[in-house]
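Structure at a glance
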Amino acid sequence: MADRKKKFLQGNEACVEGALYAGCKFFAGYPITPSTEVAEGLSVRLPKIGGKFIQMEDEIGGIAAAIGGSLAGLKSMTATSGPGFSLKQECLGYACLAEIPLVIVNVMRGGPSTGYPTGPSQSDIMQAKWGTHGDHPAISVTPAYVQEILTETVRAFNLAERFRTPVVVLYDEIVGHMREPITIPAPGDLEIIDRMRPDCKPEDYLPYDDKYEVAPLAPFGAGYRFHVTGLNHKQDGFPTNDSKQIGANNERIMAKIENHKEEIWKNDELMLDDAEVAVFTIGSTARSARFAVLEARKAGIKAGLIRPLTIWPFPDKAVRELAKRVKAIIVPELNLGQMILEVERVSGATCEVVGVNRVDGEPITPMQILDAIKKYK
Amino acid sequence: MSVPAEKKEKVSVPFDYNKYLRPNKLPHIWCPGCGHGIVLKAMLRAIDKTGFDKNDICVISGIGCSSRTPGYVDFNTMHTLHGRALSFATGVKFANPKLKVIVVTGDGDALAIGGNHFIHTCRRNIDLTVLVFTNATYGMTGGQYSPTTPMGSQATTSRYGSIEPPFDACEMAKASGASFVARGTAYHTLELEKTIHEAIMHKGTSVVDIIDACPTYFGRANKFKSATHMMEVIEKDNTVNVKQADKLPPEKLEGKFLRGVLHKIEKPEYCEQYESIVMEKAKAK
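Below, the structure is looked at part by part. Bear in mind the structure is a predicted one, so any value in this text is a computation, not a measurement. (Residues numbered from 1 in each chain as written. Chains lettered and ligands numbered in written order. Predicted model: local features only at pLDDT ≥ 70, side-chain atom pairs only at ≥ 80, totals over all residues. Heavy atoms only, no water.)

Quick look at the overall build of chain A
Rules: Only runs of H or I of at least four residues qualify as helices and only runs of E of at least two qualify as strands under DSSP, and these elements are numbered from the N terminus. Values of the radius of gyration come from C-alpha atoms, whereas the globule rule sets the reference at 2.2 Å times the count of residues to the power 0.38. When accessible area is computed with a 1.4 Å probe and restricted to protein chains, residues below 20% of their type maximum are described as buried, those above 50% as exposed, and intermediate ones as partly exposed. Any two residues whose heavy atoms approach within 4.5 Å are treated as being in contact. Residue-level accessible areas treat just the shown protein chains as cover; the underlying method is Shrake-Rupley with a 1.4 Å probe. Charge counting treats Lys and Arg as positive and Asp and Glu as negative, with His and both chain ends excluded. To locate a charge, the coordinates of NZ of Lys, CZ of Arg, CG of Asp or CD of Glu are taken.
Helix and strand content of chain A: 14 helices and 16 strands. Over its C-alpha trace chain A gives a radius of gyration of 21 Å, about what one expects of a compact globule, namely 21 Å for 377 residues. A principal-axis box enclosing the C-alpha atoms of chain A has dimensions of 70 × 45 × 45 Å. Looking at the 377 residues of chain A, the share that counts as buried comes to 61%. Counted over contacts in chain A with a minimum sequence separation of 6, partners at least 24 positions apart contribute 77%. When the accessible surface of chain A is summed, it comes to about 14000 Å², and 52% of that surface belongs to carbon and sulfur atoms. If the 43 positive side-chain charges of chain A are averaged to one point and the 48 negative ones to another, these points end up 3 Å apart.

Below you can see the structure in the form of structure tokens.
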């Protein structure tokens, strides 16, 4: 019988379990509340399995070393929170353009600036997409339960390896520090994807070969002596000023995600089929929303919940379809209105879009969401 | 005409730089008179002497003129972000300690925007070789003053003379814990080759501060007559080999930079410490 251990874990500890399950062998980071338990856990576990853990001198060093570790062939991760996420943005863009697989965990706390380190927020949603300069692809996964932090961390590694791109695991402090009973999956329970490696002769290798949507990536030291740069580059990895090649490569790195949104999207739905009012939210707020929707149903209101586990790329197809058949979409979020901009963009004027917001370091309660739902009785 | 036997031995075969260059990536971007090409050649001869396989060598840089070096050399190469080369390199080395990692960086890249990474890399004593191309200039952006610009110097951002005291990269590296610290110049090219070779062969963080000249910006702004004039004044006359320094009176050393190996000690190396202490203890627990 497969060995599936039950454990009572904190969200950040589940992230450690997910990383190890996915095959993470390299972590570089810097201490920051409320994500530090991820680093602490991996500092104990990685050396036991021959993996590498290093605490760097700052947040930038943390992500830069993780990119280096990935390029040397190890599945790599870093973890942080708001202020650290800001500092990591330049390197995040580097990993997008240089197409280096990487997982970045951002446990969201109150902001802006140093903000409220031990208070929850969901105010880095837009930063996860737009934080680094220039046009670039973005994938972010948004777990809401401790078990889900494990499985979504595994999925984040799979997406990073599959698409040769950085993937952000985005959850709020509440989920990060909450303890819940979870099951550690047995080997084979969850799919594990490893990056494609080249099998051509070294002299034929093009690290950005456009005959692939996602070209194979050789680790440094395997005989493929190639060049990596943060400059716009040609298929051989060397910088170019040729506008045709710059344009083609920039469009390709976007398209490799855009063309596979169906495979990246993942939504959890509750009583949405006959819903007249839908709640769209993520993370701890989705837990309150679930309660609110169940209470609304008891009161005879046809409410439903859509909870994206992939916030980037934005689940526009699901929201567009939903908007056509509901009176309103309520968007509760622990910020002053970020996801709602996307919901409004996608739904157009087909239904009402209403925000429920909070930035005082306290969670959005089920009653706040229920009050918003009741207006559509 | 016959050549005497003893003389014949001294005739050396020209070094085949193409063995290590990516010829189709040339010409390089460096200006006429720039010292970086001389340093690159010394680096390649030093690498050749080590006998390491090209597949096992990584050359990693940040941003700036000198940081364009990796594009021209046929190794595993990475051109990273401004100031961050040492962190990327730490990741590569730590993930695969069998790789020989050489970081090529400028004085602005290593000592200003990357200063924090520089001191902590030295502190860890991870086995990286750091070649700092020190030309006292931000060349790529058009000649602003850098952390090694001498006080009073002209630059596009110090039109009234620089008022900032410069860093000494070697003092900083030594104080931060690097186990090998040396200085060379583009002028003393054979000595530089030897120094870089010794740095690469050293286990631990090895830093070589390499004084070379930027005639285009620093030279013109500070009224040097030519690139060779700069080399003579800044690299030849303003430096003394550390072995000769003992024999000279203090007044002859005033304001001069010492060349050669300035500091070399044996000290535990980071990746080895991780394997022998952290991994061993973790497995036993």
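Let's pick the thread back up.
Things to note about the sheet that holds strand β16 (residues 352–357) of chain A
Residue and element names in this part refer to chain A. Stated precisely, the cut-off is as follows: A pair of strands is considered paired only if DSSP assigns at least 2 bridges between the two. Interaxial angles span 0 to 180 degrees and are taken between N-to-C directions of axes, which are lines fitted to C-alpha atoms, for helices over the stretch in contact.
The 5 strands lie next to each other as β11-β13-β12-β15-β16, forming an open sheet whose pairing is mixed. The strands lining the two open edges of the sheet, one partner per strand, are β11 (267–270) and β16. Going across the sheet, the axis of each strand differs from the next one's by a mean of 20 degrees, ignoring polarity. Bridge count between strand β15 (residues 328–333) and β16: 6 bridges; the pairing is parallel. The residue of β16 that forms the bridge with Ile329 is Val353.

Description of the interface of chain B and chain A
Test applied: We count a salt bridge whenever a side-chain nitrogen from Lys or Arg sits within 4 Å of a carboxyl oxygen from Asp or Glu. Pairs of N or O atoms are called polar contacts if they sit within 3.5 Å, as long as, within protein, a hydrogen donor faces a hydrogen acceptor (for residues adjacent in sequence, only side-chain-to-side-chain pairs). Polar here means any residue other than Ala, Val, Leu, Ile, Met, Phe, Trp, Tyr, Cys and Pro, which are nonpolar, and Asp, Glu, Lys and Arg, which are charged; Gly is therefore polar.
Every contact between the two is made by 38 residues of chain B and, on the other side, 41 residues of chain A. There are 3 salt bridges connecting chain B and chain A. Residue Asp236 of chain A pairs with Lys25 of chain B through a salt bridge whose shortest N-O separation is 3.1 Å. The interface formed by chain B and chain A holds 20 residue pairs in polar contact (both at pLDDT 80 or more) in total. Every element with two or more residues in the side of chain B that touches chain A is listed here: α3 (69–72), β2 (76–79), α4 (85–95), α6 (115–124) and α13 (270–284) of chain B. Partitioning the side of chain B that touches chain A into residue classes produces 16 nonpolar, 13 polar and 9 charged.

Focus on the packing of aromatic side chains
Residue and element names in this part refer to chain A. Let me state the cut-off plainly: A pair of Phe, Tyr and Trp rings is counted when the ring centres sit within 6.5 Å of each other, with Trp represented by its six-membered ring. The angle between the planes then sorts it: under 30 degrees is stacked, over 60 is edge-to-face, the rest tilted.
What the rule picks out here adds up to 15 aromatic pairs over all chains. For the pair Tyr205 and Tyr224, a centre-to-centre distance of 5.0 Å together with 65 degrees between the ring planes defines the contact as edge-to-face. Residue Tyr205 is located in the loop between β9 (179–183) and β10 (227–229), and its partner Tyr224 is located in the loop between β9 and β10; the two are separated by 19 residues in the primary sequence. Accessibility assignment for this pair places Tyr205 and Tyr224 in one class, buried. Ring centres of Phe220 and Phe226 lie 5.4 Å apart, and the angle between their planes is 70 degrees; this geometry places the pair in the edge-to-face category.

Concerning the sheet that holds strand β7 (residues 180–185) of chain B
Read from one edge to the other, the open sheet built from 9 strands follows the order β10(A)-β2(B)-β1(B)-β3(B)-β4(B)-β8(B)-β7(B)-β10(B)-β9(B), with strand pairing classed as mixed. Each edge of the sheet is formed by a strand with only one pairing partner; in this case those strands are β10 of chain A together with β9 (239–241) of chain B. Shown here is a sheet whose adjacent strand axes are inclined to one another by a mean of 20 degrees, direction ignored. The pairing of strand β1 (residues 57–61) of chain B with strand β3 (residues 100–106) of chain B spans 5 bridges and is classified as parallel. Residue pairing across strands places Ile57 of chain B opposite Lys100 of chain B, the latter belonging to β3 of chain B. Along the sheet, helix α5 (residues 89–98) of chain A makes contact with β10 of chain A together with β2 of chain B, crossing β10 of chain A at roughly 135 degrees.

Focus on the side chain of Arg195 of chain A
All names here are of chain A. By the element assignment, Arg195 lies in the loop between β9 and β10. Within polar-contact distance, the side chain of Arg195 engages the backbone oxygen of Ser70 at 2.7 Å. Once you skip the residues sitting within four places of it in the chain, Arg195 turns out to touch Ser70, Gly73, Leu74, Lys75, Pro101, Glu161 and Leu217.

Regarding the environment of Lys244 of chain A
Mapped onto the elements of the fold, Lys244 of chain A is located in helix α9 (residues 243–258). Distance from Lys244 of chain A to Lys234 of chain A, taken between C-alpha atoms, is 9.9 Å for residues 10 residues apart in sequence.

Examining the environment of Phe53 of chain A
Turning to its location among the elements, Phe53 of chain A is positioned in strand β3 (residues 52–55). On the basis of relative accessibility, which here comes to 13%, the residue Phe53 of chain A falls in the buried class. Excluding residues within four positions of it along the chain, Phe53 of chain A makes contact with Phe27, Ala39, Leu42, Ser43 and Leu46 of chain A together with Phe94, Tyr270 and Tyr274 of chain B.

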